[in-house]
Amino acid sequence: MSDKHESLERASGKSVGLGDHAYTVLKEKLIRGSFRPGEKLTVRRVAQEFGLSSTPARDALNRLAIEHALVYAGPKTVVVPNLTLSQLREVTEMRLALEGLAAEKGATAISPDMIPALETIQNRINAALDRQAYAEALWANKEFHFFFYERSNMPILVATIEQLWLRIGATFNDLYPAFAISRSGVSNHCAAIEGLRHGEPREVRAAIETDIRDGYRQLRHVLSERFLEK
């Protein structure tokens, strides 16, 4: 079992049912881009991974399908959906409004002594990009963004942002390798950290919004090319 899986298992709590636990872990993996668009998840695969019978495994997949994070391709198989260009545009517009607010609010609650923890996360992202370990970079990218959001003291806002990431997380894989070469995301994250150092929440908001816009342009390009191929 990986460290990431173990950390999620501890976070879920032993009192949570097995089906709920499978749902929680799968949801987090989708948010962090551990699955790619078009990837198939079967009831059998989920049941084997979590040591479940077919019923709780199916329940976990059903819940994610209801949230539009997965779509059914058969009675026992779901697929991670590809976003359309219009869906990407809509999600991005919502992210800009909500994540910008959460970043600015969260920045006001981050003290100078907390900045090294954020830098550690960014160093993990940088090291993963250097190794072309894009899955690891995406895993840490969620931690970086939500370091701000979770300190906004606005739990409904954070939950809404999580739902948006649930829809777009798999598509984040299409940022690479272009984002690793340009290091656009790295520059934006560094700008957010710099805004923290100077006590400028609005600079943090601007950096996060720029990060979202840069990502949107890359994803739009990839999706446009993909649709042309079809």
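These remarks concern the structure in this document. Bear in mind that the values here come from a model prediction, so they are computed numbers and not experimental data.

## Thoughts on the sheet that holds strand E2 (residues 71-74)
Strand-to-strand pairing in sheets goes through backbone hydrogen bonds, with the strands running parallel or antiparallel. An order of E1-E3-E2 is seen for the three strands of this open sheet, with the pairing classed as antiparallel. The open sheet is flanked by strand E1 (40-42) and E2, the only strands paired with a single partner. When the angles between neighbouring strand axes are averaged without regard to direction, this sheet yields 35 degrees. Examined bridge by bridge, E2 and strand E3 (residues 77-79) share three bridges and lie antiparallel to one another.

## A few points about helix H5 (residues 85-107)
Between the first and last C-alpha of H5 there are 31 Å, a value that for 23 residues agrees with the 33 Å anticipated at 1.5 Å per step. Here H5 has its buried residues at Leu88, Val91, Thr92, Arg95, Leu96, Glu99, Gly100, Ala102, Ala103, Glu104, Gly106 and Ala107.

## Looking at the packing of H5 against helix H8 (residues 155-168)
Following both chains from N to C, one finds H5 and H8 inclined at 150 degrees, their axes separated by 10 Å at the closest point. In terms of axis orientation, H5 runs roughly antiparallel to H8. In this structure, H5 meets H8 at a crossing whose hand is left-handed. Facing Gln87, Leu88, Val91, Met94, Arg95, Leu98, Glu99, Leu101 and Ala102 of H5, the residues of H8 in contact are Leu157, Thr160, Ile161, Leu164, Trp165, Arg167 and Ile168. Looking at the contact of H5 with H8 residue by residue, the class counts come to eleven nonpolar, two polar and three charged.

## Regarding the nonpolar core
If you look at the biggest cluster of nonpolar residues, it comprises 68 residues, and the most contacted ones within it are Phe144, Phe148 and Tyr149. Looking at this core element by element, the count peaks at eight residues for helix H7 (residues 134-149). Ignoring anything within four residues of it in the chain, the contact list for tyrosine 149 reads Glu99, Ala102, Ala103, Val158, Ile161 and Ile208.

## As for the side chain of lysine 142
By secondary structure assignment, the location of lysine 142 is in helix H7. Polar side-chain contacts of lysine 142 include one of 3.0 Å to the side chain of glutamate 28. Those residues in contact with lysine 142, other than ones at most four positions away along the chain, are Glu28, Ile31, Arg32, Glu162 and Trp165.

## Some details on the environment of isoleucine 66
By the secondary structure assignment, isoleucine 66 is in helix H4 (residues 54-66). Once the C-alpha coordinates of isoleucine 66 and phenylalanine 172 are considered, the two residues, 106 residues apart in sequence, prove to be 21 Å apart.

## Remarks on the packing of helix H2 (residues 18-31) against H4
Packing of H2 against H4 leaves a shortest axis separation of 8 Å and a crossing angle of 40 degrees. As summarised for this structure, H2 and H4 are arranged oblique, according to the angle between their axes. Judged by the sense of rotation from one axis to the other, the crossing of H2 with H4 is right-handed. Each of Gly19, Asp20, Ala22, Tyr23, Leu26, Lys27 and Leu30 in H2 lies in contact with H4, whose residues at this interface are Pro56, Ala60, Leu61, Arg63 and Leu64.

## Considering H4
Over its 13 residues, H4 extends 18 Å from the first C-alpha to the last, a length consistent with the 18 Å expected when each residue adds 1.5 Å. Within H4 the residues assigned to the buried category are Pro56, Ala57, Ala60, Leu61, Leu64 and Ala65. Close packing links the buried residues of H4 with H2, E1, helix H3 (43-50), E2, E3 and H8. Immediately downstream of H4, the backbone of histidine 68 shows phi near 65 degrees, a positive value.

## Observations concerning the packing of aromatic side chains
One pass over the structure, following the stated rule, counts six aromatic pairs. For the pair phenylalanine 146 and tryptophan 165, a centre-to-centre distance of 5.2 Å together with 80 degrees between the ring planes defines the contact as edge-to-face. On the criterion of sequence distance, the pair formed by phenylalanine 146 in helix H7 and tryptophan 165 in helix H8 is long-range, its members being 19 residues apart. Just as phenylalanine 146 is buried, tryptophan 165 falls in that class too. Their ring planes at 75 degrees and their centres at 6.4 Å tell us that phenylalanine 147 and phenylalanine 148 sit as a pair that is edge-to-face. Among the residues examined, phenylalanine 148 registers a relative accessible area of 0% and is labelled buried. The rings of Phe146, Tyr149, Trp165 and Phe172 are connected pair by pair, giving a single aromatic cluster. Directly above the aromatic system of phenylalanine 147 lies the positively charged group of arginine 151, at a separation of 3.9 Å from the ring centroid.

Basis of the calculations
- Each chain carries its own residue numbering, running from 1 in the written order of its sequence.
- Residues qualify for local features only when their pLDDT is at least 70, as the model is predicted, and side-chain atom pairs are given and counted only at 80 or more; totals for whole chains, interfaces and linings, by contrast, use all residues.
- Where side-chain values are given, they derive from all heavy atoms of the structure, hydrogens and water being excluded.
- The pairing criterion for strands is at least two bridges between them, as found by DSSP.
- In this text, helices come from DSSP runs of H or I with a minimum length of four residues, and strands from runs of E with a minimum of two, each type numbered from the N-terminal end.
- Fitted lines through C-alpha atoms serve as axes, helices being fitted only where they are in contact, and the angles separating the N-to-C directions of these axes extend from 0 to 180 degrees.
- Multiplying 1.5 Å by the helix residue count minus one yields the expected span of that helix.
- Partly exposed residues are those whose accessible area sits between 20% and 50% of the maximum for their type, while under 20% is buried and over 50% is exposed, using a 1.4 Å probe and protein chains only.
- Note that the term roughly parallel is reserved for angles under 35 degrees, roughly antiparallel for angles over 145, roughly perpendicular for angles of 65 to 115, and oblique for everything else.
- Crossings are assigned a handedness: left-handed for a near helix turned anticlockwise from the far helix by less than a right angle, right-handed for a clockwise turn.
- Contact definition: two residues touch when any of their heavy atoms are within 4.5 Å.
- Basically, the charged four are Asp, Glu, Lys and Arg, the nonpolar ten are Ala, Val, Leu, Ile, Met, Phe, Trp, Tyr, Cys and Pro, and anything else, Gly included, counts as polar.
- Side-chain atoms within 4.5 Å are what join buried Ala, Val, Leu, Ile, Met, Phe, Trp, Tyr and Cys residues into a set we call a nonpolar core.
- Within 3.5 Å is the distance limit for a polar contact, defined as a pair of N or O atoms, with the added protein rule that one can donate a hydrogen and the other accept it, and that residues adjacent in sequence qualify only through two side-chain atoms.
- Here is the rule: rings of Phe, Tyr and Trp (six-membered ring for Trp) pair when centre to centre is within 6.5 Å. Planes less than 30 degrees apart are stacked, more than 60 are edge-to-face, and the remainder are tilted.
- Comment: the charge-over-ring label is applied if NZ (Lys) or CZ (Arg) is within 6 Å of the ring centre and within 35 degrees of the ring normal.

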